[in-house]
Amino acid sequence: MPSIPRRMPGLSLVADTTRCSPELERTSLHDVLGFVLEGARNAPPPLDEAALPLRAEAEALPLLCDLAEAAAELASGRRARAVVRLCLEPDPWELGLERVGRDLLVTVFQGGDVPEVALHERRFEGEALCARVLAAVDRFASRRGSGARRDATFPRNDADHGGLGEHRLQTARRCLAAALPFSPDEAGGEPAIVGVEPTGEIPIAIAAEALLRTSQGAALTQPAVLRADLFSLLFRGKIRVLVGEEARELPDVFIFPFAEQLASLSLESLDAWARRQPYHRRLTVGGAILGVRLHSEGALSLTLGVPRVGRVPPADPRALGRGSPFAGAEERAQTWTFPAVDVAALAQGVVAFGRALARSLVRRDRGQTSNLRLFEFRARVRELAERLRELTRNDAKINVAPETYRAFAAAARPQAAAEDTFGRTRLRFTSRWVAAIPSLDLRATFLCGDVLVVGSTRELTCIDRRTGECLWRKQAPRAVSVMTPVGLGRLLPDGTLQLHELSTGEVAWSARLSPRVGANASGAVVSAPGLPRMLIVSEGTRHLAAVDLFSVEVRWRFAARRGENVRLRRAGKLVVVGSGEPALAALDVLSGEVVWRFCDRLPFASPVAVDQDALFALAGDGAFVGRGGARLHHLDPWSGEARWTVDLPKHVAPVGAPLLGPETVCVVTHGRRGTGLVGLDRRTGATRFDLTACAATASCLMVDDVVVVNSETGELVGVGAHDGAVRYRHVLAGGVEGDRPRRLEPVLRSGALFVPQSEVHVVRPRDGALLGKVPTDLIPDLLRVDERCDVYVAEESGHLAAFAAAPRLSLVQ
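Report follows, based on the coordinates. (Residues numbered from 1 in each chain as written. Predicted model: local features only at pLDDT ≥ 70, side-chain atom pairs only at ≥ 80, totals over all residues. Heavy atoms only, no water.)

## Focus: the overall build of the protein
Using the following cut-off: Under the scheme used here, helices are H or I runs from DSSP no shorter than 4 residues and strands are E runs no shorter than 2 residues, and both carry numbers assigned from the N terminus. Remark: exposure states derive from per-residue accessible area (1.4 Å probe, protein chains only) relative to the maximum for the residue type, with buried under 20%, exposed over 50%, and partly exposed in between. Should any heavy atoms of two residues lie within 4.5 Å, those residues are considered in contact.
Scanning the protein from terminus to terminus reveals 8 helices and 48 strands. Burial analysis of the protein (813 residues in total) assigns 52% to the buried set. Partitioning the contacts of the protein with sequence separation of at least 6, the portion at a separation of at least 24 is 52%.

## Observations concerning empty space enclosed by the protein
Over the atoms rolls a probe the size of a water molecule, and its path tells where empty space is left. Our working definition: Think of a 1 Å grid over the protein atoms and nothing else: a 1.4 Å probe that fits but is trapped marks a cavity, an open set flanked by protein within 12 Å on at least five of seven lines marks a pocket, and residues with an atom within 4 Å of a point count as lining. Grid points are joined across faces, edges and corners, and a volume is the space filled by probe spheres set on the points. Under the scheme applied here, ten amino acids are nonpolar (Ala, Val, Leu, Ile, Met, Phe, Trp, Tyr, Cys and Pro), four are charged (Asp, Glu, Lys and Arg), and all others, including Gly, are polar.
For the structure on display, the rule yields 7 cavities of 30 Å³ or more. Of the voids in this model, the largest cavity is the one considered here, and its volume is about 200 Å³. When contributions to the lining of the largest cavity are tallied by element, the ones reaching two or more residues are strand E4 (116–125), strand E6 (204–212) and helix H6 (343–364). Here the lining of the largest cavity is built from residues that sort into 6 nonpolar, 4 polar and 6 charged.

## Some points on the environment of proline 203
Following the sequence through the fold, proline 203 ends up in the loop between strand E5 (192–196) and E6. Proline 203 sits 141 residues away from alanine 344 along the chain, and the two C-alpha atoms are 9.6 Å apart.

## A closer look at the packing of aromatic side chains
In this description, an aromatic ring pair is defined by two values, namely the gap between the centres and the angle between the planes. Keep this limit in mind: Two aromatic rings, drawn from Phe, Tyr or Trp (for Trp, its six-membered ring), form a pair once their centres lie within 6.5 Å of each other, and the interplanar angle then sorts them: stacked below 30 degrees, edge-to-face above 60, tilted otherwise. In this scheme, Lys NZ or Arg CZ marks a charge over a ring once it lies within 6 Å of the ring centre and within 35 degrees of the ring normal.
The tally for this structure, following the rule as stated, stands at 5 aromatic pairs. Judged by centre distance (6.2 Å) and plane angle (70 degrees), the ring pair of phenylalanine 429 and phenylalanine 754 falls under edge-to-face. Residue phenylalanine 429 is located in strand E13 (residues 429–436), and its partner phenylalanine 754 is located in strand E43 (residues 752–756); the two are separated by 325 residues in the primary sequence. This pair shows no difference in class: phenylalanine 429 is buried, exactly as phenylalanine 754 is. When the centroid spacing of 6.4 Å and the interplanar angle of 70 degrees are considered together, the rings of phenylalanine 598 and phenylalanine 604 count as edge-to-face. This pair shows no difference in class: phenylalanine 598 is buried, exactly as phenylalanine 604 is. Over the ring of tyrosine 405 we find lysine 573, and its NZ or CZ is 5.4 Å from the ring centre. Residue placement shows arginine 601 over the ring face of tryptophan 273; its charged tip is 3.8 Å from the ring centre.

## Considerations on the pattern of salt bridges
This is how the line gets drawn: For salt bridges, the criterion is a side-chain nitrogen of Lys or Arg within 4 Å of an Asp or Glu carboxyl oxygen.
One pass over the full model with this rule turns up 49 salt bridges. Glutamate 98 is the salt-bridge partner of arginine 81, the closest N and O atoms lying 3.6 Å from each other. Linking arginine 81 in strand E1 (residues 81–86) with glutamate 98 in strand E2 (residues 93–100), this pair joins segments that are 17 residues apart in sequence. With a closest N to O distance of 3.7 Å, glutamate 390 and arginine 387 form a salt bridge. Of this pair, glutamate 390 and arginine 387 both sit in helix H7 (residues 372–392), separated by 3 residues, roughly a single helical turn. By the burial criterion, glutamate 390 is buried, and arginine 387 matches it. Through salt bridges that share partners, Arg432, Asp450, Arg465, Arg466, Asp786, Glu787, Arg788 and Asp790 make up one connected network.

Here you go:
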């Protein structure tokens, strides 16, 4: 009847049985794992199954396939070791299999910087273990087949556990069945005690006795690729440490993971010692406790110990996370501490032990030459040795006859320029011309005489600075450019050095140098009365070449110990070189001979500042690394003798070269609070002030006795160099971030200071009075000012504009 509602249609719920349940996967997998735990012979008491990290849910099909394929390769003798990855959460573990005769050794471990080992070299009969794997594969396949027959409505996903997965499983089973029984026994395979003894006289001796196996069927040819193989480096042994007359022994530890962490801690301690900073770290690795504590005074304490825990990991698999298996064990650990250990002596002992260990491993197994884990360990040991050699090398050299260099500099010193009136009156500017240069290169744009030379991606352009007319244009690839007295020098990426004539743009000559590797090219131009005109440029990985600009010959070459960050500063007949090493060298411009060398623990990575008879140099990585620990050295620029050395405050991260005033030297710093200034007395090195100038990144310039700070947020601050008092503060621009210029360096010309912001402002530097503004719509990414105060503005978008200074009124008496 219409009044009776229609019945609701029935719902049929269909379960997808194509995917195996976690119980099925874990059952098939744990049949094998149970045999691993219970079927061992000649081994310690079996571990609890809950102790292994294998109870987490895993995909059984890929694991069984990998296990069967690995067992087939071991049974046939094609490989001596195999590793199966256990994709578990939260961190993956690995199952290692190694064949010894007709037996298999099973290891369960977790990689990383600090490896964890849950089971090590449990011995099994190889054929019995392979039989268990075959049975697990058959049971897994049969259960999947029965589940699929119960419901064939939904097809299997070949990309998941369907056809492709079953095909791989059956292929792995056939390979394993065909490889059985095990191939004939091979000689050897049992471990032997190998002594790892360092050579030479060393103050701290670290030695070991390792249980190593000679590789069976070691490859005579090195593989084409390096592969990380931690499994082959997990061997036990004991380590002895001898400091003076005190000796301690660590029994039954994993030697290689312990050696890795010992090298890392030694390198970090050495860096902290160089910066005179404290350092403390303690960890458990390879079944041993390792700790170092470095005090700010330079004394180091080395702690070794053995945790008082068994080899059975905790029952909860989640407790096997990194650093947690021995949680709480150090409270009951047996430890020994060597107090007052010399940092350099410890590093020397670690280097000798690391080299001896690497040699022993390669001699026993030539295949270790392609082990990426061992390769990185040897690289870390080399880095530690090089760092130790840099810090302990004392090849400082003092110039005992500095009078000739001092007299040359005094004769070449320019006379004081007459005071100009540009900073006394207001300045007005009118637009002269605008040019468009596609793909403009700011670093290859120069104002030279009556022309502007502009570089771009594919060409060079010469523009008349008065009219904006293009005088010539030449096709040229992008290169590192520098203006010289005889033309434009360009260093191409392939090492070719070219000199272009400014009148025509043609290449006057070219020279072939080694291409720069590992860092940007840097150089300095030598052009002074009494000196040949030369270009000193970096080449190769760590060399400097002095090229004569007339004869086009290389007059000398200098090999620096490092070449990542070369800084050059010419001072009279000397060129001061800082290459990122803990030494500063002064070379004779004519011969390239080292005149003097000044050494320090910290590297010299910043430019130096020279003013008459004073040289100021910063040692330390500063803001580029952020680890602090910087020093300011005051040296005699002609003899290299230190006049005073000051450790800067720990919170100070210096940036750039020191700024030199009449009575003080100011160090520009950058940190969380922004840009700061530290002022020190030039005669004594005493700190006069330490302040924060602005809250953002800024560029600083010393003008007479005022430090002008130009911030990227549009703030202009004048700080007195004598006492640190703020003389003026202007907010010239707010704007958005896109309106900020690429370069914030102010330009001082004829008593007026030109400040690039979203516009170009002109101020008087001594009191901050605003003198004028350049009416440009371009962002002044590059700013140039000539002797008539005409302004040239370049924007990175490819536009170039010129502005002429209008006539000025002056008082005539």
